[in-house]
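Examination of the molecular architecture
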Amino acid sequence: MSVTVLVGGQWGDEGKGKIVDILSENYDIVTRYQGGANAGHTVEIGNSKYILHLIPSGILREGVVCIIGNGVVIDPTALLDEIALLEKNNINVDGRLFISHNAHLIMPYHKLLDSIQESGDNKIGTTGRGIGPCYIDKYARKGIKIVDLLNRKTLEEKIRKNLEEKNNLLKKVYEKEELNVEEIIHQYLEFDKKIDKYIKDIPAYLNNAIAQGKSILLEGAQGALLDVDHGTYPFVTSSSPTSGGACTGTGIPPNKIDNVLGIVKAYTTRVGYGPFPTELLDDDGNKLRKIGVEYGATTGRPRRCGWFDAFLVNYSVMINGIEEVAITKLDVLSDFSEIKVCTGYKLNGNILKSFPTDFERLQTVTPVYETLKGWNKDISNCRAFADLPSQTKEYLDFISKEAGMKIKIVSVGPKRDQTFFTN
Ligand code: GDP
Ligand code: IMO
Ligand code: MG
């Protein structure tokens, strides 16, 4: 029985959804701890493909309890759409989906402000889901929380107060139309009727579950390099995807966490703007995108692709406390006769000792590459580590040593059976 944090080791989209689905068979509870509907976690089961944005990927395993922690920002529309989609597929969430009363709500003005800010000069390339503006209000202590839905008077007062400020901003600064306060109040009161049954005191629930010996998988969204503190700021998301965020985002104390599993793609991708030292803007990059079907699960945007960056993953291993990882999408590299791995960065002719997260340096570093032999063989049918070609094993051995991580799980395709443990 254990409490495990599962964290994206790069810039998101590492295949967290798939691995959560695999592992959740052996966990009692799966909990999301940060982010919101900016996430898109894909799980393929047979011929069905599910893309989960807010509800933990464990929901596809019967009997697993799924929790949305206080660190998550909840868009009512996205949540209700997701519940409806699952129910349409005969997956009932009642009695096994719970939401923290301390989670913050994404309001219509958050999404609007997100899109207005993205149309200006300081583009981040956000998903447009209102994430940044919602966390801004949370930290400015103006946010509206799930618990506010339980008291009609408080909810109305808070919405009116916020709307007064936001409408001023929309009208005077951005020259946009004002939002209708009565409509928003009505919309959120209706939302309350539908989600009331899911609201719970999550810290109490989770700590009680731990005391009873239950196992919990904490599902991170995004990835370490998108972390607001440790990522490639300002080109990051507005939450803490790193393992530390799992404690603040759920109410589980650090001394109850048993292990941290990193999810790491066999190459690198990133969506949106920001520095990306190993990015390939050539045929190899296009090939990775094509074979890896690298298009955003939430926005459909083409993902930027590049070689595996062991220097970056080594940094991620350090800040997350990752000991073991799942390597995903290894099959995507099968068609390359040579594969490069970045082992460090050079800046002004000097090899850097530690990973630079600041924009100026990261934008100007030159990656140092080691070239490895490809295996030029389809590995998507491999079902055990022993089935892998020797060059594939050499690649895994090389990246694991360079990044300082132990490979525990290997994924060679999007399906459940295209996964195996290394021992
Ligand atoms: P997440 O956000 O980390 O859950 O990842 P996404 O779902 O956004 O993106 C991962 C994509 O890769 C999804 O389409 C998965 O179905 C797919 N995928 C996951 N693991 C593998 C794998 O090992 N090989 C291949 N070819 N696809 C995979
Ligand atoms: P999952 O959980 C990849 C990126 C956006 C943008 C930046 C800020 O599926 O791995 P935001 O909307 O959060 O304010 O956007 O973060 N981003 C992601 N990139 N995977 C994700 O989630 C992402 N969620 C946000 O593209 O660059
Ligand atoms: Mg994704």
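Look above for the structure.
Because the structure is a prediction, the values reported are computed rather than measured. Position numbers for residues start from 1 in each chain and track the written sequence from start to end. For naming, the first written chain is A and the first written ligand is 1, with later ones following in the order written. Only residues with pLDDT of 70 or above have their local features reported here, since the model is predicted, and side-chain atom pairs are shown and tallied only from 80 upward, although totals for entire chains, interfaces and linings are computed over all residues. Side-chain calculation: all heavy atoms of the structure are included, whereas hydrogens and water are not.

**Let's talk about the coordination of the magnesium ion (ligand 3)**
When four donors bind a metal tetrahedrally, each ideal donor-metal-donor angle is 109.5 degrees, and when six bind octahedrally, the ideal angles are 90 or 180 degrees. In this listing, donors mean N, O and S atoms no farther than 2.8 Å from the metal, or 3.2 Å for Na, K and Ca; water is missing from the atoms, so a site can look incomplete. Protein ligation of the magnesium ion (ligand 3) involves Asp13 (OD) and Gly40 (O), the donor distances falling in the range 2.1 to 2.3 Å. A residue pair is termed long-range when its members are at least 10 positions apart, and Asp13 in the loop between β1 (3-8) and α1 (16-23) and Gly40 in the loop between β2 (29-32) and β3 (41-45) qualify at 27 residues. Under the scheme used here, helices are H or I runs from DSSP no shorter than 4 residues and strands are E runs no shorter than 2 residues, and both carry numbers assigned from the N terminus.

**Concerning the site of ligand 2**
Taken together, 20 residues lie around ligand 2, and Lys16, His41, Thr127, Gln222 and Thr237 are the ones closest in. Side-chain atoms alone can form a polar contact between residues adjacent in sequence; in general such a contact is a pair of N or O atoms within 3.5 Å, and within protein one must be able to donate a hydrogen while the other accepts it. Measuring from an oxygen atom of ligand 2, one finds a side-chain N or O atom of Thr127 at 2.6 Å. In this description, accessible areas are obtained by the Shrake-Rupley approach with a 1.4 Å probe, and a residue is regarded as covered only by the protein chains that are shown. A total of 550 Å² of accessible area belongs to ligand 2 in isolation, and the protein chains cover 97% of it. Summary of the distance rule: residues count as near a molecule or strand when at least one heavy atom falls within 4 Å of that molecule or strand.

**Some thoughts on the side chain of Arg32**
Tracing the chain through its elements places Arg32 in strand β2. Buried, partly exposed and exposed residues are distinguished by accessible area as a fraction of the type maximum, computed with a 1.4 Å probe on protein chains only: under 20%, between the cut-offs, and over 50%, respectively. When charges are counted, neither His nor the chain ends are considered; positive counts come from Lys and Arg and negative counts from Asp and Glu. Salt bridge, as used here, is a side-chain nitrogen of Lys or Arg placed within 4 Å of a carboxyl oxygen of Asp or Glu. Buried within the structure, Arg32 lacks any salt-bridge partner; its nearest side chain of opposite charge belongs to Glu219, at an N-O separation of 5.5 Å. There is a polar contact of 2.8 Å between the side chain of Arg32 and the backbone oxygen of His53. Residues are treated as being in contact if the distance between any of their heavy atoms lies within 4.5 Å. Residue contacts for Arg32: discarding those within four places in its chain leaves Ala39, His53, Leu54, Pro56, Ile67, Ile68, Gly69, Val72, Glu219 and Ala221.

**A closer look at the site of ligand 1**
What surrounds ligand 1 is a group of 19 residues, the closest being Lys16, Gly17, Thr42, Asp331 and Ser411. One of the side-chain N or O atoms of Arg303 is found 3.0 Å from an oxygen atom in ligand 1. Within the side chain of Ser411, one N or O atom sits 2.5 Å away from an oxygen atom of ligand 1. When ligand 1 sits alone it has 580 Å² of accessible area, and the protein chains cover 93% of it. Detection works on a 1 Å grid of protein atoms alone, calling trapped sets that fit a 1.4 Å probe cavities and calling open sets with protein on both sides within 12 Å along at least five of seven lines pockets, with lining residues defined by an atom within 4 Å of a point. To qualify as sitting in a cavity or pocket, a molecule needs more than half of its atoms within 2 Å of the grid points. If you map ligand 1 onto the pockets, it falls in the second largest pocket. Sorting the residues of the shell around ligand 1 by element identifies α1 and β3 as the ones contributing at least two each. Tallied by class, the residues present in the shell around ligand 1 amount to four nonpolar, seven polar and eight charged. Counting contributing residues per domain, the shell around ligand 1 is built from domain 1 (3-100 + 199-261) and domain 3 (263-421), each supplying no fewer than three. Gly is placed with the polar residues, together with every amino acid not listed as nonpolar (Ala, Val, Leu, Ile, Met, Phe, Trp, Tyr, Cys and Pro) or charged (Asp, Glu, Lys and Arg). Residue ranges assigned to the domains are those given by an automatic or database domain assignment.

**Here we look at α1**
Most of α1 is tucked away, with eight of its eight residues classed as buried. What α1 keeps buried is the set Lys16, Gly17, Lys18, Ile19, Val20, Asp21, Ile22 and Leu23.

**Observations concerning the nonpolar core**
With 69 residues, the main nonpolar core has Ile327, Leu330 and Tyr395 as its most contacted residues. Residue contributions to this core peak at six residues, all from helix α10 (residues 310-320). With residues up to four places along the chain from it excluded, the contact list for Leu330 reads Ala266, Trp375, Ile379, Thr392, Tyr395, Leu396, Val410, Ser411 and Val412. The next biggest cluster of nonpolar side chains, apart from the first, holds 50 residues, and it includes Ile146, Ile195, Leu217 and Leu261. In this description, a nonpolar core means a group of buried Ala, Val, Leu, Ile, Met, Phe, Trp, Tyr and Cys residues linked to one another through side-chain atoms lying within 4.5 Å.

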